[in-house]
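Structural overview for review
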Amino acid sequence: MRLETLAIHAGGDADAATGALSPPIHLSTTFRHGPAAERAAGYEYQREGDPTNDRLRAAIAALEGAAAALTFASGMAAISALLDSLGPRTRVLFPQDCYTGLRVLAAEFLPERGIEAIAVDTTDPAAVRAACAGGAALVWVETPSNPLLAVSDVAALAAIAHEHGALLACDNTFATPVLQRPLALGADVVMHSTTKYFGGHSDVLGGALAFARADACFARVARRLHATGATLAPFSAWLTLRGCRSLPARMAVHCANARRVAEFLAVQPQVERVHYPGLASHPGHAVAARQMDDAGGMLSIELRGGRDAALGLAGALRLFTNATSLGGCESLVEHRASVEGDRPVSPPGLLRLSVGLEHVEDLIEDLRQGLTGL
Ligand SMILES: *Cc1c(COP(=O)(O)O)cnc(C)c1O
């Protein structure tokens, strides 16, 4: 079955008891079992699993081409569960440009467990090879990356990681399985913040891991999830599953709109650079064209006027709301350096745009009026 069909039907059997097409949400925290704890339908206690989470896991596994998937209370809970399943006193490589939360884990939390986290330029396979030579249990890649939309070659990095006995984990939040399937490119684990495109409506927090094999690594992470309890609530699983049904259709519009917005911004005199892998000028364009079906709905721009111009534009926009997060129906803009705390890593003139599902001419008019005022 093709991806659009899987997105609608995976995990979507009609309810056996009632025939309901929209799946029931079981809020029960506990499930009746036999006197010797015999499970009637495989469930015992909500922290260990419930029917709605199982449907969502089946859908995510189908879309990613995975042997198994796990769902979590947030994207960060998913990342943490995977990293916590690694033994102590090992090394992890992570991308120089990546989600802020991962940077925090690498700087503060992993060292506490004796794990050395080393930032590498994952767009450069030679740099990853050199870093792997010093030993690594896991190579983390995020492509396209947040917020610079850097593109890393998943197939090349998987080969390098495996040569050195390391796992390759890929944060696929920006691309979604609609545009990129890292397991088919050789990655071992795919991670999602389902808060973003999967949920798709800025109203549900969640995370997921999809595993190439239901192996020992999967079992360790599943056990950790059950034991530590970063469980996705059934209603959140239900909302995310509903988002899954329209994910391919939404991604097509996100991509078409973002491409037009990127092309418009690329020729504006106030704009110094547009980071969008769909533009031929993007350094990762060739790799993106090879490993992605389209370039996605996220882009970032650098204003010639630096921080003042970036804040000026962000403040002047009417349709793009100033807010963090991404992947919802509505367009968002964010001055990343302002939300990165005491030690910002983003360029001061950088704005990140999450291009939504509005009519693209309205979005372009909004950007035009905002730029005119600079
Ligand atoms: C949002 C995000 C995360 C973290 O997910 P939460 O659901 O916010 O915990 C991780 N990676 C990327 C690329 C993200 O955009």
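Just so you know, these numbers come straight off a predicted model, no measurement behind them. (Residues numbered from 1 in each chain as written. Predicted model: local features only at pLDDT ≥ 70, side-chain atom pairs only at ≥ 80, totals over all residues. Heavy atoms only, no water.)

As for the packing of helix H5 (residues 125–133) against helix H6 (residues 154–163)
Stated precisely, the cut-off is as follows: Under this scheme, a helix contributes an axis fitted over its contacting stretch, all axes are lines through C-alpha atoms, and angles between N-to-C directions fall in the 0 to 180 degree range. Numbering of helices and strands runs from the N terminus, with a helix taken as a DSSP run of H or I at least four residues long and a strand as a DSSP run of E at least two residues long. When describing relative orientation, an angle under 35 degrees is termed roughly parallel and one over 145 degrees roughly antiparallel, while 65 to 115 degrees is termed roughly perpendicular and anything else oblique. Crossings are classed by handedness, with left-handed meaning an anticlockwise turn of the near helix from the far one by less than a right angle and right-handed meaning a clockwise turn. When checking whether two residues touch, look at their non-hydrogen atoms; a contact exists if any pair is within 4.5 Å. When residues are sorted by character, Ala, Val, Leu, Ile, Met, Phe, Trp, Tyr, Cys and Pro go into the nonpolar class, Asp, Glu, Lys and Arg into the charged class, and all the rest, Gly among them, into the polar class.
In contact at an axis separation of 10 Å, H5 and H6 are set at 15 degrees when each is read in the N-to-C sense. In terms of axis orientation, H5 runs roughly parallel to H6. Between H5 and H6 lies a crossing whose hand is right-handed. Taking contact as the criterion, the partners of Pro125, Val128, Arg129 and Cys132 in H5 are, on H6, Ala156, Leu157, Ile160, Ala161 and Glu163. Tallied by class, residues from the contact of H5 with H6 come to seven nonpolar, no polar and two charged.

A few points about the sheet that holds strand E12 (residues 350–354)
Picture the strands of a sheet paired through backbone hydrogen bonds; they go either parallel or antiparallel. Keep this limit in mind: Two strands pair if DSSP finds at least two bridges between them.
Taken in spatial order, the five strands of this open sheet run E8-E9-E12-E11-E10, and their pairing is mixed. What marks the edges here is a single partner per strand, and that holds for strand E8 (271–275) and strand E10 (321–322). Both E10 and strand E11 (residues 332–335) contribute to a ladder of two bridges, which runs parallel. Considered in E11, the bridge of asparagine 322 is made with valine 333. Sheet contacts for helix H10 (residues 247–266): E8, strand E9 (298–303) and E12; angle to E9, the most-contacted strand, approximately 15 degrees.

Let's talk about the packing of helix H9 (residues 234–245) against H10
A pair of packed helices is captured by two measures, namely the crossing angle of their axes and the spacing between those axes. Across the interface, H9 lies against H10 with an axial gap of 5 Å and an inter-helix angle of 60 degrees. Here H10 runs oblique to H9, going by the angle between their axes. Where H9 approaches H10, its residues Gly243, Cys244 and Arg245 are matched on the opposing element by Leu247, Pro248 and Arg250.

Remarks on the sheet that holds strand E3 (residues 116–120)
Ordered by their spatial adjacency, seven strands build an open sheet running E1-E7-E6-E5-E4-E2-E3, and the pairing between neighbours is mixed. In this open sheet, the two strands that pair with only one neighbour each are strand E1 (68–72) and E3. The sheet shows a mean angle of 20 degrees between the axes of neighbouring strands, direction not considered. The pairing of strand E2 (residues 91–95) with strand E4 (residues 138–142) spans two bridges and is classified as parallel.

Comments concerning helix H12 (residues 306–316)
Applicable threshold: Accessibility here uses a 1.4 Å probe with only protein chains present; expressed as a share of the type maximum, an area under 20% marks a residue as buried, one over 50% as exposed, and anything in between as partly exposed. Note that the arc is defined by the directions from the helix axis to the C-beta atoms.
Burial in H12 covers these residues: Gly306, Ala309, Ala310, Leu313 and Ala314. For H12, the arc enclosing every buried residue in end-on projection is 130 degrees, short of the 170-degree limit, so these residues lie on one face. In H12, the exposed positions that point more than 90 degrees away from the buried face belong to Asp308 and Gly315.

Topic: the domain arrangement of the protein
The following threshold applies: Per the annotation, domain bounds derive from an automatic or database assignment of domains. Throughout, the accessible surface (probe 1.4 Å) given up by two parts as they are put together, summed over both, is called the buried area. Salt bridges, as used here, are contacts in which a Lys or Arg side-chain nitrogen is within 4 Å of a carboxyl oxygen on Asp or Glu. Polar contact is defined as a pair of N or O atoms within 3.5 Å, subject to the rule that within protein one atom must be able to donate a hydrogen and the other to accept it, and that residues adjacent in sequence are counted only when both atoms are side-chain atoms.
Looking at the protein, the domain boundaries give domain 1 (3–243) and domain 2 (247–373). With 33 residues of domain 1 in contact, the opposing surface of domain 2 contributes 35 residues. Carbon and sulfur atoms make up 63% of the area that domain 1 and domain 2 hide from each other, which totals about 2700 Å². Where domain 1 packs against domain 2, one counts two salt bridges. For aspartate 293, the salt bridge is made with arginine 181, and the minimal N-O distance between the two is 2.9 Å. Counting across the domain 1 and domain 2 interface gives 15 residue pairs in polar contact (both at pLDDT 80 or more).

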